[in-house]
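Coordinate inspection notes
This is what each chain is made of:
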Protein chains: 2
Amino acid sequence: MAEQTEVLRRTPLSKDRILRAAVTLADEAGIDSLSMRNLAQDLGVVPMALYKHVANKDELVNGMIDVAIGEIDPPVPGADWKQAVRERILSARRVLQRHPWVSLAIESRTAPTPAVLAYLDSMVGTFRRGGFSADLTHHVMHAMGSRTLGFSQELFDAARSAGRSGASNPESSAALPPQFADRFPHLAAIAVAASHDDASVVGQGCDDQFEFEFALDLLLDGVERLQRQGWTSTRRDGDRSVVSGPDQPS
Amino acid sequence: MAEQTEVLRRTPLSKDRILRAAVTLADEAGIDSLSMRNLAQDLGVVPMALYKHVANKDELVNGMIDVAIGEIDPPVPGADWKQAVRERILSARRVLQRHPWVSLAIESRTAPTPAVLAYLDSMVGTFRRGGFSADLTHHVMHAMGSRTLGFSQELFDAARSAGRSGASNPESSAALPPQFADRFPHLAAIAVAASHDDASVVGQGCDDQFEFEFALDLLLDGVERLQRQGWTSTRRDGDRSVVSGPDQPS
DNA sequence: ACCTGAACACCGTTCAAGT
DNA sequence: ACCTGAACACCGTTCAAGT
């Protein structure tokens, strides 16, 4: 409608409106399509008009990140630390599946944004209330790394810059080239091992959710063990093994 | 010397010479400075001359990655799987410290390069010879993620796009802003906890090497435990905890 | 004082003109 | 047939001219 177009054109720009349009653009067209010029066109304004509300593109991306991080669920109230951390991280992961550009955007930052800091601060608080020392919590946060925010650097991540396509979409599964098994026999063997549906499929054949939870639980179980052992940092003493506690089998 | 310049100008371009110049450029000036135009200028040729040897910039970056991956030490012969994996990953980490652009370059790829595949294949072989089932090895490789290649997504990684500056350089340590402890009390607490040198320093105050090995050993100890328990994938059965084996304490 | 078109300094890559 | 300068279609951002 002409009237509606007129209203939209007349709606004043705001940082909030710019950020929401930028998130939508990145969601739908990919982060590579996010340019000041494209974004301005989507908003029906001249590119330079954006610079009234954001200092530069870096500040725009920072704002976009915080919009996404704000969508992560708050910690579940009654749960113990392990359940609370686990659920929150899986919530973060769901957010990142809605906004696949976020992980790359966060990685490209030189400093964490305010919302990321607030999220991490809250998670540290959950560990501390669960009986973790400040020392152990510090190292645990490092060890979790980007997994804390719901993503991890996968090496076979074909869906990274590609469009959204569920793992259950058989169309997008690339069959192994014939030479692959000859050149990389070990990789071919483990690709077959965990691919329940089609033995000639790798990458897309992996159950991403399972792999994420496998690694998450491996880490959570490991740090739980350290906490129960009363682990303390021994880095100045040359002791290399982090779990060489008293109840180690042999 | 004029003669030497003449010789250099006369030296024919080759993919190898281009790749080595590109790696040097990225090492010294950062990945952002790596453009076809800058690279051509360093080589004393016109930009379009590069396209005789590389199809496009993506292929250039792929080649650069493989140059770097080729610098990783081969597995140590006599060691058991745990030592072999550990040493190799730490070697990869040293390579990435010499070439700080590699992790971002690998992350930006949509598919792994041949040298990365060969490296991963070799590592899978080490696990398999150590008695790991193909099933477990598959999930372990996922769980290790980018750590396999010597890097992990740190959230406070200030030195990411910045120039090289050792963690021991006190000049580059940013003090915590006064409001920080008020807004993010838990983060402030754990920052102080593990900072031995200066309690008001975060980020640069962390011992990156210690944190990397802490997480690496946490994972290696965890997967060793799974392997000893004869862990098998139970993902279709709704069993969520990866370490719920028979010898769990309670 | 405010807005904005043109311009600047880049980029990867195409393509046709020149040798 | 080969090489390469100019051009194309972008980019983030500056800046001065116009209202």
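Residues numbered from 1 in each chain as written. Chains lettered and ligands numbered in written order. Predicted model: local features only at pLDDT ≥ 70, side-chain atom pairs only at ≥ 80, totals over all residues. Heavy atoms only, no water.

1. Details of the overall build of chain A
Put simply, the test is: In DSSP terms, a helix is any run of H or I states spanning at least four residues, a strand is any run of E spanning at least two, and both are numbered starting from the N terminus. The rule is simple: take the accessible area with a 1.4 Å probe, protein chains only, and divide by the maximum for that residue type; under 20% is buried, over 50% is exposed, in between is partly exposed. Only the protein chains shown count as covering a residue, and every accessible area follows the Shrake-Rupley method with a 1.4 Å probe.
A count of helical and extended segments in chain A gives eleven helices and zero strands. Secondary structure elements of chain A, listed N to C terminal, follow the sequence α-α-α-α-α-α-α-α-α-α-α. Taking all 250 residues of chain A together, the buried fraction comes to 46%. A total accessible area of about 12,200 Å² is found for chain A, and carbon and sulfur atoms account for 52% of it.

2. Comments concerning the UniProt feature "DNA-binding region" (unreviewed entry) in chain A
Cut-off, in case you're wondering: UniProt positions are given in the numbering used here, feature names are shortened, and annotations may be inferred rather than shown by experiment.
In the UniProt entry, the feature "DNA-binding region" (unreviewed entry) is given for residues 35-54 of chain A. Annotation note: span residues 35-54 of chain A, helix share 40%, strand share 0%, distance between end C-alpha atoms 13 Å.

3. Some thoughts on the protein's contact with DNA strand C
Residue and element names in this part refer to chain B. The criterion, for reference: If a single non-hydrogen atom of a residue is within 4 Å of a molecule or strand, that residue counts as near it. In protein, a polar contact requires one atom able to donate a hydrogen and another able to accept it; more generally it is a pair of N or O atoms within 3.5 Å, and residues adjacent in sequence count only if both atoms are side-chain atoms. Only Asp, Glu, Lys and Arg are considered charged in this grouping, and only Ala, Val, Leu, Ile, Met, Phe, Trp, Tyr, Cys and Pro are considered nonpolar; every other residue, Gly among them, is considered polar.
What surrounds DNA strand C is a group of 13 residues, the closest being Ser35, Arg37, Met48, Tyr51 and Lys57. Taking the atoms of DNA strand C that fall within 4 Å of the protein, sugar and phosphate contribute 44% of them. Within the contact set of DNA strand C, a phosphate oxygen lies 2.9 Å away from a side-chain nitrogen or oxygen of Tyr51. The backbone of Lys57 places a nitrogen or oxygen atom 3.0 Å from a phosphate oxygen of DNA strand C. For the surface near DNA strand C, the element with the most residues is helix α3 (residues 36-43), which contributes three residues. In the surface near DNA strand C, the residues fall into six nonpolar, three polar and four charged.

4. A look at the protein's contact with DNA strand D
Residues and elements named next belong to chain A. Among the 13 residues in the neighbourhood of DNA strand D, the closest are listed as Ser35, Arg37, Met48, Tyr51 and Lys57. Of all atoms in DNA strand D that approach within 4 Å of the protein, 44% are sugar or phosphate atoms. Here a base nitrogen of DNA strand D sits 2.2 Å away from a polar atom, N or O, in the side chain of Arg37. For the surface near DNA strand D, the element with the highest residue contribution is helix α3 (residues 36-43), accounting for three residues. Partitioned by chemical class, the residues of the surface near DNA strand D number six nonpolar, three polar and four charged.

5. Points about the pattern of salt bridges
Residue and element names in this part refer to chain A. Applicable threshold: Should a side-chain nitrogen of Lys or Arg be within 4 Å of a carboxyl oxygen of Asp or Glu, the pair is scored as a salt bridge.
Scanning all chains against the criterion turns up 20 salt bridges over all chains. Its salt-bridge partner being Asp73, residue Arg94 comes within 3.8 Å of it at the nearest N-O pair. Here the residue Arg94 occupies a position in helix α5 (residues 81-98), and Asp73 occupies one in the loop between α4 (57-69) and α5, the gap between them amounting to 21 residues. By relative accessible area, Arg94 is classed as partly exposed at 42%. Judged by its relative accessible area of 40%, Asp73 falls in the partly exposed class. For Lys82, the salt bridge is made with Asp221, and the minimal N-O distance between the two is 2.5 Å. Of this pair, Lys82 sits in helix α5 while Asp221 sits in helix α11 (residues 208-228), and the two are 139 residues apart along the sequence. Both residues of the pair, Lys82 and Asp221, count as buried. Through salt bridges that share partners, Lys82, Asp221, Glu224 and Arg228 make up one connected network.

6. A look at the environment of Tyr119(B)
Residue and element names in this part refer to chain B. Stated precisely, the cut-off is as follows: Only heavy atoms matter for contacts: two residues are in contact if any of them lie within 4.5 Å across the pair.
The topology assignment puts Tyr119 in helix α7 (residues 114-129). A relative accessible area of 3% places Tyr119 in the buried class. Between the C-alpha atoms of Tyr119 and Ser146, which are 27 residues apart in sequence, the distance is 12 Å. In this structure, Tyr119 is in contact with Ile69, Ile72, Arg88, Ile89, Ala92, Thr148 and Leu149, ignoring residues within four places of it in sequence. Engagement of the side chain of Tyr119 in a polar contact is seen with the backbone oxygen of Thr148, the distance being 2.8 Å.

7. Description of the packing of aromatic side chains
How we decide: Only Phe, Tyr and Trp rings are paired, with Trp represented by its six-membered ring, and only when their centres lie within 6.5 Å; those with planes under 30 degrees apart are stacked, over 60 edge-to-face, the remainder tilted.
Counted under the stated rule, the structure contains twelve aromatic pairs over all chains. Ring centres of Phe127(A) and Phe132(A) lie 5.1 Å apart, and the angle between their planes is 65°; this geometry places the pair in the edge-to-face category. Like Phe127(A), the residue Phe132(A) is buried in the burial classification. Summarising the aromatic geometry, the rings of Phe214(A) and Trp231(B) are spaced 5.2 Å apart at their centres and angled 65° between planes, so their arrangement reads as edge-to-face. With Phe214(A) in helix α11 and Trp231(B) in the segment after α11 (208-228), the pair connects residues from two separate chains. Each member of the pair Phe214(A) and Trp231(B) is classed as buried. Three or more aromatic residues joined by ring pairs make a cluster, and in this case those are Trp81(A), Phe127(A) and Phe132(A).

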